[in-house]
Amino acid sequence: MRNPGRQATGRATLAPIARTKGGKAYWCARGQVPTREPDGSVGSRRVERGFGQGVTTERQRQAKCAEWNAEYEERFRNPRRLITFARAWDNYIDYLGDDNAPIYEIGIIKCLGGRQCSDIDDAAMGDLVREVFPNGATPATLNRHLYTPVIAALRMAMREKAPQLTRPKGHNDVKPVEVAPAEWFTKLWPHLNSNQKAIVLFLASHGRRIREALARRPRDLQGSTLDLGKTKTGLMLIDLEPQTQAVIYAMPGWRRRTWLFGAGPNSANSVRRDLQAACARAGVPWITPHKFGRHTSVTGMLRKGGSVAHVAQAHNMTPEMVTKRYGHLTVTETTAALHEVGGELARQIIGGSVGDKAAGKQAIERSNVLELKASGGCRVLPAVLPSEGSALSNCA
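Not measured: the values here are computed from a predicted model.

Among the nonpolar cores identified, the biggest contains 35 residues, and Trp-184, Phe-202, Ile-248, Phe-261 and Phe-292 are the most heavily contacted of them. Those elements giving two or more residues to this core turn out to be helix H7 (182–188), helix H8 (194–206), helix H9 (210–214), strand E5 (225–231), strand E6 (234–239) and helix H11 (268–282). With residues near it in sequence (within four places) discarded, Phe-261 still touches Asn-195, Ala-198, Ile-199, Phe-202, Ala-213, Leu-214, Ile-248 and Met-251. Ile-93, Leu-112, Leu-142 and Ala-153 belong to the second largest nonpolar core, which has 27 residues in total.

In structure tokens:
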């Protein structure tokens, strides 16, 4: 409803009101804000905004409304070109390419598309979460599928003026890494069709994500090279492992398909269900594509002695990501390198061979014997206890 008085003065009238949704009571700010049309005419529109988790008292709600009213009035007095999130999103997708669009794009645009980029806050993201995941989701899932693309689109459109959104608590927690043993693959293999064999082997041998694989088209495969499109670090081309290449080329009619593996990027859940059914037929436990793919590949490279830098490059990760997520596996590599350098110096100083573990063990045993004899003990305890039933040696 238009109000000439408010339009003339440029006042905003947001105020706290109590609302109820789904049987739950909550507070939000509602009121009229002044607007200025491209032709110079002025008007008003009703606005409703959530307060977020940090605003809990009446004083805080009133203060937040006063802050928002001041922002809307300043925007009215000093008009500038505004950007809707739908427009910012279009620019973001133009950069990514339609094949790499986020899986929940429709839900994101439905919930946020009509808002000004500057109006998207934590409360708006909370509405988005409830819209897309009404039954809830893990912090990592929310962060990857909702927060990360929204934040990227906002930063591309507004640069340093983009809203500072709070990512879900616990989204970056490090969980134990689970991998698939070789026996799991060999038992599952006979129960897969040609398309499933190709995608399982591709994910496991190259450590890619399932949706990244499903987004590939036949034209992306040229000889032994597969184009993965734009990633966080730019365009990425990978050289296929020869046996994986042979299994992919063995898929019937793959050149005439829309998607290389037969299913598109929005079919990840269907592919998972089909693989889960194959696991049931094979009598093996269900292991997710991320575990038998990315986790298994990264873990295998690290256990084979691959450097953190090489593992990161092969999986389109940063060295910091590899160290944080798989740090327990990099300890062996770091320790071996440290012992190699320190052992070389020790050999030059006191002789012996580099990394001689037997020499270190003998030194421990000699030290234990000397310490016990010096203290007058009558029993000599070796560094490693003998098996049960064996007698410990006595001092002479």
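Between helix H3 (residues 85–96) and helix H6 (residues 139–158), whose axes approach to 9 Å, the crossing angle comes to 100°. The pairing of H3 with H6 is recorded here as roughly perpendicular in orientation. Only Pro-149, Val-150, Ala-152, Ala-153, Leu-154, Met-156 and Ala-157 of H6 make contact with H3, whose side of the interface consists of Phe-85, Ala-88, Trp-89, Asn-91, Tyr-92 and Tyr-95. For the contact of H3 with H6, a count of residues per class yields twelve nonpolar, one polar and no charged.

The interhelical angle for the contact between helix H5 (residues 122–132) and H6, taken along N-to-C directions, is 135°, at an axis separation of 11 Å. By the criterion of interaxial angle, the relationship of H5 to H6 is oblique. Seen from above, H5 lies across H6 with right-handed handedness. Facing Met-125, Leu-128, Val-129 and Val-132 of H5, the residues of H6 in contact are Leu-142, Leu-146, Tyr-147 and Val-150. Taken together, the residues of the contact of H5 with H6 sort by class into eight nonpolar, no polar and no charged.

A separate point is the sheet that holds strand E1 (residues 15–21). A sheet is described by the order of its strands in space; here three strands give the open sequence E1-E2-E3, paired in antiparallel fashion. In this open sheet, the two edge strands, each paired with only one partner strand, are E1 and strand E3 (42–50). Direction aside, neighbouring strands of the sheet carry axes that sit 35° apart on average. Relative to strand E2 (residues 24–36), E1 runs antiparallel, the two sharing seven bridges.

Quick look at the side chain of Thr-296 now. With respect to the helices and strands, Thr-296 occurs in helix H12 (residues 289–303). A polar atom in the side chain of Thr-296 sits 3.1 Å from the backbone nitrogen of Ala-180. Apart from the residues lying within four places of it in its own chain, the contact partners of Thr-296 are Val-179, Ala-180 and Lys-291.

Let us now look at the confidence of the model for the chain. For the chain, per-residue confidence averages 80 on the pLDDT scale, and residues scoring 70 or more make up 76% of the total. Within the chain, H11 carries the highest mean pLDDT (94), whereas helix H1 (residues 4–9) carries the lowest (49). Below pLDDT 50 for its whole length, residues 1–7 participates in 16 contacts with residues either more than four positions away or in separate chains. Confidence drops under pLDDT 50 across residues 378–396; counting only partners more than four residues distant or on other chains, this segment forms 22 contacts.

Our focus in this paragraph is the pattern of salt bridges. Enumeration over the complete set of coordinates arrives at twelve salt bridges. Ionic pairing is found between Asp-121 and Arg-49, a salt bridge with its closest N-O pair at 3.3 Å. Residue Asp-121 is found in the loop between helix H4 (105–112) and H5, and its partner Arg-49 is found in strand E3; the two are separated by 72 residues along the sequence. Note on Arg-49: relative accessible area 7%, which makes it buried. One network of salt bridges, in which partners are shared, links Arg-19, Arg-30 and Glu-48.

Moving on: H6. Where H6 bends most, the angle comes to about 35°, and this point is Tyr-147, followed within four residues by the proline Pro-149. If you check which residues of H6 are buried, you get Leu-142, Asn-143, Leu-146, Tyr-147, Pro-149, Val-150, Ile-151, Ala-153, Leu-154 and Met-158. Following H6 by one or two positions, Arg-159 adopts a phi angle in the positive range, close to 55°.

The rules we used
- Residues numbered from 1 in each chain as written.
- Predicted model: local features only at pLDDT ≥ 70, side-chain atom pairs only at ≥ 80, totals over all residues.
- Heavy atoms only, no water.
- Core = buried A, V, L, I, M, F, W, Y, C linked by side-chain atoms within 4.5 Å.
- Buried < 20%, exposed > 50% of the residue type's maximum accessible area, 1.4 Å probe, protein only.
- Helix = DSSP H or I, 4+ residues; strand = E, 2+ residues; numbered from the N terminus.
- Contact = heavy atoms within 4.5 Å.
- Axes fitted to C-alpha atoms, helices over the stretch in contact; angles between N-to-C directions.
- Parallel < 35°, antiparallel > 145°, perpendicular 65-115°, else oblique.
- Nonpolar A, V, L, I, M, F, W, Y, C, P; charged D, E, K, R; others polar.
- Left-handed = near helix turned anticlockwise from the far one by under 90°.
- Pairing = 2+ DSSP bridges.
- Polar contact = N/O pair within 3.5 Å; in protein donor to acceptor, adjacent residues only side chain to side chain.
- pLDDT = per-residue confidence, 0-100.
- Salt bridge = Lys/Arg side-chain N within 4 Å of Asp/Glu carboxyl O.
- Bend = angle between axes of the 7 residues up to and from the residue.

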